[in-house]
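Fold and geometry: a report
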Amino acid sequence: MASNELIIDDEYCRAMGSFFVSQGQQIDQIISEYVSILQDLRNRAIISGDVAKALTAYISYANKLNKQIGNISTTAKKQVDAFLSKVDAADQYLF
C-alpha cells in the first residue's frame, strides 16, 4: 500500500553535504596538480611549435577550473543546510 508520508533523514543529508565539500576539495587538489604537471611538461618538454601553443591554450582553460569544483560543492552543502532548515521550520507546525 502506498504511503503519503515523507521521511527525510537529516543525518544522511548532512553527511552528504560534508561529502560534497570533501570531494570538492579533493578534486580541486587534483586539478591543481594536473595543471602543474601540464605546465611542467610545457616548460621542459614541449617548448615550441604548434603543439606548445595548443598546450598553452589548453593549460589556460584547465586553469579556469581551479577552485571551481570546491565552490560548487560548498554551494551544494549550503543548499542542503538551507533545505534542512526549511524542513525543520515547516515541521514545527506539524509536530
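See the structure above.
All figures in this text were calculated on a predicted structure; none of them were measured in a lab.

**Comments concerning the side chain of Ser73**
As for its placement among the helices and strands, Ser73 is situated in helix 3 (residues 68-94). Exposure remark for Ser73: the relative accessible area of 6% places this residue in the buried category. Engagement of the side chain of Ser73 in a polar contact is seen with the backbone oxygen of Gly70, the distance being 2.9 Å.

**Section: helix 2 (residues 50-63)**
End to end, helix 2 covers 20 Å across 14 residues, agreeing with the expected 20 Å (1.5 Å per residue, within 8%). Regarding helix 2, the residues found buried are Ala52, Leu55, Ile59 and Ala62. Taken around the axis of helix 2, the buried residues stretch over an arc of 85 degrees, which confines them to a single face. Residues of helix 2 that are exposed and angled more than 90 degrees away from the buried face: Asp50, Lys53 and Tyr61. On its buried face, helix 2 is in contact with helix 1 (10-44).

**Section: helix 1**
When the terminal C-alpha atoms of helix 1 are compared, their 51 Å separation across 35 residues agrees well with the 51 Å that a helix rising 1.5 Å per residue should span. Within the sequence span of helix 1, burial applies to Cys13, Gly17, Val21, Gly24, Asp28, Ile31, Val35 and Leu38.

**Quick word on the pattern of salt bridges**
By the definition in use, this model includes three salt bridges. One salt bridge connects Asp40 with Arg44, and the closest N-O pair in it is separated by 2.8 Å. Linking Asp40 with Arg44, this pair stays in helix 1, spanning four residues, or about one helical turn. Relative accessible area serves as the criterion here: at 36%, Asp40 is assigned to the partly exposed category. The partner of Asp81 in a salt bridge is Lys77, with the nearest N and O atoms 3.0 Å apart. One end of the pair, Asp81, and the other, Lys77, are both in helix 3, four residues apart, so they sit about a helical turn from each other. The partly exposed category is assigned to Asp81, whose relative accessible area is 30%.

**Brief notes about the packing of aromatic side chains**
Summed over all chains, the structure comprises one aromatic pair. Consider the rings of Tyr34 and Tyr58, whose centres lie 6.4 Å apart with planes at 90 degrees: the pair is edge-to-face. With Tyr34 in helix 1 and Tyr58 in helix 2, the pair connects residues that are 24 residues apart, well separated along the chain.

**Considering the nonpolar core**
Counting six residues, the largest nonpolar core consists of Ile31, Val35, Leu38, Leu55, Ile59 and Ala62. Every element with two or more residues in this core is listed here: helix 1 and helix 2. Look past the residues within four positions of Leu38 in its chain and what remains in contact with it is Leu55, Tyr58 and Ile59.

What counts, and where the lines are drawn
Residues numbered from 1 in each chain as written. Predicted model: local features only at pLDDT ≥ 70, side-chain atom pairs only at ≥ 80, totals over all residues. Heavy atoms only, no water. Helix = DSSP H or I, 4+ residues; strand = E, 2+ residues; numbered from the N terminus. Buried < 20%, exposed > 50% of the residue type's maximum accessible area, 1.4 Å probe, protein only. Polar contact = N/O pair within 3.5 Å; in protein donor to acceptor, adjacent residues only side chain to side chain. Expected span 1.5 Å × (residues − 1). Arc of directions from axis to C-beta. Contact = heavy atoms within 4.5 Å. Salt bridge = Lys/Arg side-chain N within 4 Å of Asp/Glu carboxyl O. Phe/Tyr/Trp six-rings, centres within 6.5 Å; stacked < 30°, edge-to-face > 60°. Core = buried A, V, L, I, M, F, W, Y, C linked by side-chain atoms within 4.5 Å.

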